[in-house]
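Tertiary structure, described
Letter by letter, the chains look like this.
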Amino acid sequence: MISIKPVTPEFVAEIGDVDLARLTDAVFAEIEAAFNRYAVLVFHRQPISEEQQLAFAKYFGELEFSPQPFVQTPGDKRRIGVGMQDISNLDENGKLLTHTDNRRLINLANQFWHTDSTFKRTPAKMSMLTAQSVSPTGGETEFADMRAAWDALPAARREPLEGLIAEHDYFRTRLMVGLDPESISPERRALRPAVPQVLIRTHPANGRKSLYLASHITKIYGMDDAAARRLVDELTEHATQPAFTYQHHWAVGDVVLWDNRCTMHRGRPFDESQPRAMRRATISDVGPTVPENWHHAA
Ligand code: OGA
Ligand code: MN
């Protein structure tokens, strides 16, 4: 049996008595049950390899493939193997990225509250970060419980939100960190069209409802833009109150995974003169949150 130590009563749990390098179906079933009850799981002192991380992640479903709308480096040289996101401030040779490096800019967008890949028609189900180098100052990752945020809304506030559909756009957050709008060619835009997502979701395993928000939201269909902005900002502020959030301070060997269907997260600023190196394996959800044949009646 694995050990499950709640870090917060309902949201974050620390999992022990497990060797992530040697998983079995039975052990995974216990981890999955904890994942479906909590939404963020923390494992300490599990310095797994890339292969082991991918193998663990794939227990949760299908690995997400992400075509990059921007060539990151000439020849697309990578610091880590294919199949995972490089969440680091290092280049392919392990050297610190320069301030103007495109990869730095793209990772900076992780500092806005979001949930992963809501800018894709089928968003992410689960993300798993492993830490190889941690920042001596800052660089925490914060998580918000979107089920608790939903539960805390008065019924009169909840009702009008049911059925709303938001538009999410990858480029909104990239423009917010200073991406040159001129660099978004039609070809790049075509790799990442804006997509619809429901605003309220129900968790398939536990039936709990949650807000489904991200800084990628550009509008809400059928609502005027100013009112939509106000609503999304207000809900985001509500959902990210300290009562609903947890801050993870990284140590080398930590593995943290979260349920993107019912959480938001953001990275915190850190001392960029020091290496911070993590890898993310991401598992796709089973399908879109809004049916493929959905069209907004203009
Ligand atoms: C991510 C992410 C935040 C961080 O990997 O999806 O948002 O703290 N990371 O690096
Ligand atoms: Mn993220």
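Residues numbered from 1 in each chain as written. Chains lettered and ligands numbered in written order. Predicted model: local features only at pLDDT ≥ 70, side-chain atom pairs only at ≥ 80, totals over all residues. Heavy atoms only, no water.

**Thoughts on the site of ligand 1**
- Around ligand 1, the structure places 13 residues, and the nearest of them are H114, T141, H265, R276 and R280.
- The side chain of H114 places a nitrogen or oxygen atom 3.1 Å from an oxygen atom of ligand 1.
- In this structure, an oxygen atom belonging to ligand 1 sits 2.7 Å away from a side-chain N or O atom of R280.
- Burial of ligand 1 by the protein chains amounts to 99% of its free accessible area of 290 Å².
- For the shell around ligand 1, the secondary structure elements donating two or more residues are β14 (263-267) and β15 (277-284).
- Taken together, the residues that form the shell around ligand 1 break down as 4 nonpolar, 5 polar and 4 charged. (Near = heavy atom within 4 Å. Polar contact = N/O pair within 3.5 Å; in protein donor to acceptor, adjacent residues only side chain to side chain. Areas by Shrake-Rupley, 256 points an atom, 1.4 Å probe, with all protein chains shown as cover. Helix = DSSP H or I, 4+ residues; strand = E, 2+ residues; numbered from the N terminus. Nonpolar A, V, L, I, M, F, W, Y, C, P; charged D, E, K, R; others polar.)

**Here's the deal with the sheet that holds β14**
- Read from one edge of the open sheet, 3 strands run β12-β6-β14, paired in antiparallel fashion. Edge strands, defined here as strands with exactly one partner in the open sheet, are β12 (245-248) and β14. Strand-to-strand, the axes of this sheet are offset by a mean angle of 20 degrees, without reference to chain direction.
- Examined bridge by bridge, strand β6 (residues 141-145) and β12 share 4 bridges and lie antiparallel to one another. Among the inter-strand pairings, E142 is bridged to a residue of β12, identified as Q247. (Pairing = 2+ DSSP bridges. Axes fitted to C-alpha atoms, helices over the stretch in contact; angles between N-to-C directions.)

**Thoughts on helix α2 (residues 50-58)**
- Residues of α2 that are buried: Q53, L54, F56 and A57. All buried residues of α2 project into a common sector of 165 degrees when viewed along the axis, lining one side.
- Looking at the packing, one finds that the buried side of α2 touches α1 (25-37), β3 (40-43), β5 (124-133), β13 (255-259) and β15. (Buried < 20%, exposed > 50% of the residue type's maximum accessible area, 1.4 Å probe, protein only. Arc of directions from axis to C-beta. Contact = heavy atoms within 4.5 Å.)

**A look at the coordination of the manganese ion (ligand 2)**
- At the metal site, the manganese ion (ligand 2) is ligated by H114 (NE2), D116 (OD) and H265 (NE2), and these contacts range over 2.1 to 2.2 Å.
- Coordination of the manganese ion (ligand 2) draws on donor residues from a single chain, spaced H-x1-D-x148-H in sequence. Of this pair, D116 sits in the loop between α3 (102-108) and β5 while H265 sits in strand β14; the two residues are 149 residues apart in sequence, bridging distant segments of the chain. Residue D116 shares its accessibility class with H265, and that shared class is buried. (Donors = N, O, S within 2.8 Å, 3.2 Å for Na, K, Ca; no water.)

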